[in-house]
Structure formats: C-alpha cells, structure tokens
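Secondary and tertiary structure notes
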Amino acid sequence: MILISSRVGLLLARAGAVMTMALCLLSSFTINHTLPAHPISLTNTFIDVRENAIELEIAIYLEDLALFYWLDADQSFRQSAEGYQRRAIEHADFLLKHLHLLDENGTRLNGRVEEIDTSSLDGAGTIAYDQLMEYTLQYQFVFPLEQVPQYLSIMQDFGGDQPPIPSEMEVEVFLHSVQVEQIMLSHRAMHTVNIEGLLDTGVVGDDLETVQARLRERHTEQLGISSYSKVYHYLYINERGVRHELLIPLLQLEEWLSLPVTRQGGLLEVSEQKALREPIRNFIQRYQRVQMDGGQSLPLSGLEIRFFGPGVRDLATQTESGAVTVHNARVGIIAEYATRKPAQEIAFYWAYYASRYPFFEGWLYAYDEPRESFTLYSGRKPLRWQDADASARIHLMPIASPLPLPHWTLPMLSLGLTVLAFYLTFIAWRRDRSACMRRLSILLALLFIFAAWLVRDRVHWHTLKPFQQAADPSEDQVATLTANLLQNVYAAFSFADEDTIYETLAESVSGPLLRSLYLDIRRSILNREQGGAIARIHAVALNDVVLQRAAITPGGWPSLQLQCEWTVLGSVEHWGHIHTRKNLHRAVIGLVGSVDGWHMQSFEPLTEERIEESIGVRR
C-alpha cells in the first residue's frame, strides 16, 4: 500500500478554494435535510498499478462532506465530528461508484473498499465551518487484476450529469510505487496511461535516477505526445501556407460540438466516424480563420480528419481506418490554407472559448526556426507572425545563358520564295511570251518577294562557320551548372499552387520533359505514410557528375549529356515531430543551351534509394 500519511502534509499544504457561498447556504437551511449529491472540487487520488492489483487511495477535505451531506448543527452552526465520521463511511461507496478505471477495451474494472481512515476527526468534538479545510479523510481501494491492462483509462463524474460545482481530481499514477504521471482531471475528462509502454521501458526495479532517465527517453520516443487526455495544437507556417493541426480526445470534442457519439459496445465504428466529419468541418470553418498580409481571409484548401486509438505511437503513419474505443480515442484534425507565395504576415484567429476552455495553448513552427509556444485568450488579439523578407524564403539559383558559336543562319523559306520570284522574272522576258503574260509573271514575282520578306523569320537552316571548334566545358563549369539546375527544379516544389510549380519548373526544364519530370520528382518527395504530404526540401547536394558527351546544336548552342549522382534532404512535419529522409538519386541528364538559358531536355533515372531516415521533435 502507498502510505497516505506521507502525503497528508502535502495535501494540507495545498490551499483548496473554500466554497464560502455554499457554506453560507448550508448554515441557512434547517437541519436534518439531505443535500443532493454534488461533492466539491479538489480530490487527490494516488493510483499504484501492480502485478495482481491496482491499489488506489483518495484523500479529500472534510469540506467535501459538508457540501455533500446536511448534518445536524448546533446554535453556533458547529457540526459534530461523529456525524462526519458516519457520513465518511457512506461516502466510500459513492467514490467507488463515480471513479472509473477502464482497460484498453473499455471494460470497467471492479474495486472494493480496503480501508477508511477518519482518524483526523478523533476527539474533535464539534467542527466549525471555517475549520473544514483543516481535516482530511483517506480512502483505500483495491482493484484485483487477472492481468495488467495494456492501457488504463481514468475518469471521474463526482458531479453527476450537470455538476452544480466544478469537481477536479489531481491524479498521480505509479507503477510499482514509481511515479510515472501526474495530471488534473476535470469532470468526465478521460486520461489514459500506456501501462504496457511503461513496462517496456523497464521502470520497475531500478534506482530512481535510471527510472527518470528512461521516462525522459520514453517522452522523446512518444514524439512529444505523451498525454491521452490533453488537447494539442500545432500551427505550421512555411512556403506553402498555413496548417493547423488539432489533436483532441474524442470525448472532449464531443463536449465541444455536442456530437452524436454512440457508446454502444464502447466502439466508434468507421460509419460513425464518417458521420462526424461534417460537424467537425463546420466547427473548424466557424471558429477558425487565417489572414495573410492584412488582406482577406485565406480559404480552407484542405481538411483531413483521422481517428486514433491509444496503440498508435506515431500518428502520422496510420493510413488505415478502423473502429476505435470511445473512451480513449483521439481525433486528429488537419486544416490547411494554401498560398501562392510566401506570406509576409499571418494572423491566426481562434474563436471557440467557453468557461472550461478560456484559452488556447499551442506550438508555432515557422519554417526551420525553433518552435515557439503561444496562448490565445478570449477577447484578445489573434496570433500574429511576421517575416521581414518573405521573398528570400524560396531561393532560385541564377542560370547564365551560354554563348553560341559563330554560325550562319539561312532563312530557307524566304530564299525559296526569292528564287521562285527570280525564275518568274526570267521567264517573263522570254521572246515567246506575250505582253500580258509578262505583266502577270512580274506581278507574281513581286508577290513572292513580298511573301519572302514576311516569312524571313520562319524556317531557318543553321550551319557553323567553317573551321569553328567547340571547346568542352570544364568540370567546375559542368558541376556548377548541374547543381544550380537541380536546386531550382526542387525549389519549384516549395510552392503549393500547381500553376506556380509549373511556371517555376519551366524556367529550368523544357519540352515534353516538363510534365514527366514533374511527376517523377513529386513521387520521389511524396511521403505516403503521412497522408500524401509533400516533403519540404532542405538541401540538394551534387555528389558526382560525369560528362558523357558534348555537342553543338544546329543553332550553334551547346548541349551536354551528363551522368549525375545527387542527394536530396527533405522533411515532413506532423503533430509536433519531424520525419527526415535523405534519398540518393542517379540519372542521365541532357542539358541544352538557348537564348533563354540552360534547360534540362532529357532525364533518364537510373537508381533511387533511401540512405537516411530519422524521426525527431523540433526544439
């Protein structure tokens, strides 16, 4: 058993809020009446999960009984300690009834009263109302186990269906007397503890320092999402726009939206999950708004809703949907607002506030900057983020136009029409031609000369001037050119808008290759495990380039065929953590110069492999 006596000092040291109004009401009524069940406020609960049983201790102030039961009072409004002791014994059944422990399947665990300690009242005689916070009562319960639950969910509904006075319970969870969690539970809030995960860390049987180190490791492994009862808000700002991710317990979302959640069988089926999507969408559109650069609000460009059970460690990797247990399920909501260009200023508005939710806490992740915490309060200004130089967020490398070799350019169509005109003129002056035919031939010749002038810029034939020799580019020139082109190709995918991606990509790619290369690169940076999210590209590094062939086009422009090897470092962030991947690519790339600069004209992929992969939490 956990020794309650060691915690009484801590409990008494905490000043609970004395319900003065409630006590005045108590003193104004006649005696020998029973107050309807609504215990107060602050309860301290200690839960120790062991191999064969869960040992649970609850410590309450005497004030709880005063608000819960009417007791006989004398003329000075003092009540007898003996009366409190009798009511304290009755109160044990109430605590056992309204404190819920559930396993991973939602099955409620059955417990029994082990001991009731009212010794603090011994010899007290009568007790005045202003002394109620000086006395505590301790209860010990035992919940026998056939096997240790994988997940233990805790909930209290001490206040009934509509609690007239808020009831809160501070819970400390132990595993074989080692404290693993400490949380505050409000009325009907559910908290789930991953017992199986704690056992896997080996927190039992080691010294305290080792246990604490393992618990810190576990927090990192859980990617910062360690509580099943907490609401998590993540706000991302990057080149593609704004994304708000909300992770919330299903039961809490049900309270926010008054959702029609079915508790039959303790499972929320896939069909029921689909029915909840429209109310959730309406909630987001009603209470959330994102404004860019002081202009109009951005439209909601995407909304993804997922339902998670407690067994999902990495929320970003769940791709298949299935039934989830209602009491410990969580809902992940991803709302996206795409922009055509990086924003200079973002204003994020959140309008849902209630008495139990007077503020909004979250984490801000802007580009690659360190994360920042923020809090929004009802009636206060929105969260504002500014970028001094948004245009520099997407950096395109300069690509200089190559110089063509000296060559002759012959307008073939114009020359053909001119030759035809001279031929008509020649035959016009033949002796056997009549004057009428001569005039017609001359007129046609003039028309052909005029047509030759009109099409002078059309069909051309290019040929190098004699004795011109093309110099092969140096290795440094080839490496710089190739690296810059690759950098620009991947930088195009920093945008969210498809048209902008194509326009940017067309500055480095030409011809039919444009569409096929777009699809190839999009596939290579697509993170299918994270709902098809496109990775943000952090670095493109050229490892090796070999010049296979250099040639000159008929127009005198250089063309190169290269065998290249490069790496791409990208990341996808969801739910406060980062999936980072580095891929190695090999391909044969054809480059061609023109008056508009260098462009990729051909691309033949050879190999693609993942060489690094990691998951972490941004600091």
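The structure we're discussing is the one just above.
So, here's what we can say about the structure. (Residues numbered from 1 in each chain as written. Predicted model: local features only at pLDDT ≥ 70, side-chain atom pairs only at ≥ 80, totals over all residues. Heavy atoms only, no water.)

1. Focus: the packing of aromatic side chains
Going through the model one piece at a time under the given rule, you end up with 20 aromatic pairs. With a centroid separation of 5.4 Å and 65° between ring planes, the pair formed by Phe 283 and Tyr 352 is classed as edge-to-face. One end of the pair, Phe 283, is in helix H8 (residues 270-287); the other, Tyr 352, is in the loop between strand E19 (345-350) and strand E20 (359-366), and 69 residues separate them in sequence. This pair shows no difference in class: Phe 283 is buried, exactly as Tyr 352 is. (Phe/Tyr/Trp six-rings, centres within 6.5 Å; stacked < 30°, edge-to-face > 60°. Helix = DSSP H or I, 4+ residues; strand = E, 2+ residues; numbered from the N terminus. Buried < 20%, exposed > 50% of the residue type's maximum accessible area, 1.4 Å probe, protein only.)

2. Side note on the layout of surface pockets
By volume, the second largest pocket is sized at about 720 Å³. Looking at the lining of the second largest pocket residue by residue, the classes come out as 17 nonpolar, ten polar and nine charged. (1 Å grid on protein atoms, 1.4 Å probe; cavity = no way out; pocket = protein on both sides within 12 Å on 5 of 7 lines; lining within 4 Å. Points joined across faces, edges and corners; volume = space filled by probe spheres on them. Nonpolar A, V, L, I, M, F, W, Y, C, P; charged D, E, K, R; others polar.)

3. Overview of unusual backbone geometry
A positive phi is found at His 176, a non-glycine position, where the angle reads about 55°. Topologically, His 176 is positioned in the loop between strand E9 (167-175) and strand E10 (178-186).

4. Considerations on the packing of helix H12 (residues 498-505) against helix H13 (residues 513-524)
Between H12 and H13, the shortest axis-to-axis distance is 11 Å and the interhelical angle comes to 120°. Our pair here, H12 against H13, has a crossing hand that is right-handed. On H13, the residues that touch Glu 498, Ile 501, Tyr 502 and Leu 505 of H12 are Leu 514, Arg 515 and Tyr 518. When grouped by side-chain class, the residues that make up the contact of H12 with H13 number five nonpolar, no polar and two charged. (Axes fitted to C-alpha atoms, helices over the stretch in contact; angles between N-to-C directions. Left-handed = near helix turned anticlockwise from the far one by under 90°. Contact = heavy atoms within 4.5 Å.)

5. Let's talk about the sheet that holds strand E22 (residues 383-386)
The strand order across the open sheet formed by three strands is E15-E19-E22, and the pairing between neighbours is antiparallel. Each having just a single partner strand, strand E15 (288-292) and E22 make up the two edges of the open sheet. Adjacent strand axes in the sheet meet at a mean angle of 15° when their direction is disregarded. Across four bridges, E19 lies against E22 in antiparallel orientation. Residue pairing for E22: Phe 348 is matched across the bridge by Leu 383. (Pairing = 2+ DSSP bridges.)

6. Some words on the nonpolar core
In terms of nonpolar packing, the biggest core is built from 49 residues, with Trp 256, Val 331 and Trp 350 touching the most fellow members. Ignoring sequence-local partners within four residues, the contact set of Trp 256 consists of Val 231, Ile 248, Phe 283, Trp 350, Tyr 352 and Tyr 357. If you look at the next biggest cluster of nonpolar residues, it comprises 45 residues, including Ile 127, Leu 137, Phe 143 and Leu 152. (Core = buried A, V, L, I, M, F, W, Y, C linked by side-chain atoms within 4.5 Å.)

7. Examining empty space enclosed by the protein
Applying the stated criterion to the full structure yields two cavities of 30 Å³ or more. Surrounding the largest cavity, 17 residues form its lining, Ser 524, Ile 525, Ala 535, Arg 581 and Asn 583 being those nearest its centre. Among the elements that take part in the lining of the largest cavity, strand E29 (residues 577-594) stands out by supplying five residues, more than any other. Classifying every residue of the lining of the largest cavity gives seven nonpolar, seven polar and three charged. Along its surface, the second largest cavity is lined by Gln 291, Met 292, Asp 293, Gly 294, Glu 345, Ile 346, Ala 347 and Arg 384. Among the elements of the structure, E15 and E19 are those that each provide at least two residues to the lining of the second largest cavity. Grouping the constituent residues of the lining of the second largest cavity by class yields three nonpolar, two polar and three charged.

8. Quick notes on the side chain of Arg 243
With respect to the helices and strands, Arg 243 occurs in strand E13 (residues 241-249). Polar contacts involving the side chain of Arg 243 include one to the main-chain carbonyl oxygen of Glu 573, which spans 2.5 Å. In this view, Arg 243 contacts Tyr 234, Leu 235, Tyr 236, Ile 334, Ala 335, Glu 336, Glu 573 and His 574; residues no more than four positions away in its chain are not counted. (Polar contact = N/O pair within 3.5 Å; in protein donor to acceptor, adjacent residues only side chain to side chain.)

9. Some remarks on a nonpolar patch on the surface
On the surface, Met 437, Leu 440, Leu 443, Leu 444 and Leu 447 cluster together to form a nonpolar patch covering roughly 430 Å² of accessible area. Its place among the elements puts Met 437 in helix H10 (residues 435-454). Residue classification places Met 437 among the partly exposed positions, given a relative accessible area of 37%. (Patch = residues over 30% accessible without salt bridge, like charges linked within 9 Å, V, L, I, M, F, W, Y side chains within 5 Å. Areas by Shrake-Rupley, 256 points an atom, 1.4 Å probe, with all protein chains shown as cover. Salt bridge = Lys/Arg side-chain N within 4 Å of Asp/Glu carboxyl O.)

10. Comments concerning H8
Its 18 residues place the ends of H8 26 Å apart at the C-alpha level, agreeing with the 26 Å of an ideal helix rising 1.5 Å per residue. The set of residues buried in H8 consists of Glu 272, Gln 273, Leu 276, Ile 280, Phe 283, Ile 284 and Tyr 287. (Expected span 1.5 Å × (residues − 1).)

11. Comments concerning the pattern of salt bridges
One pass over the full model with this rule turns up 16 salt bridges. Here Asp 48 and Arg 50 are joined by a salt bridge, their closest N and O atoms 3.1 Å apart. Accessibility expressed as a relative area gives 0% for Asp 48, which makes it buried. Its salt-bridge partner being Arg 112, residue Glu 114 comes within 3.6 Å of it at the nearest N-O pair.

From the geometry alone we can't say anything about function, so treat these as descriptive.
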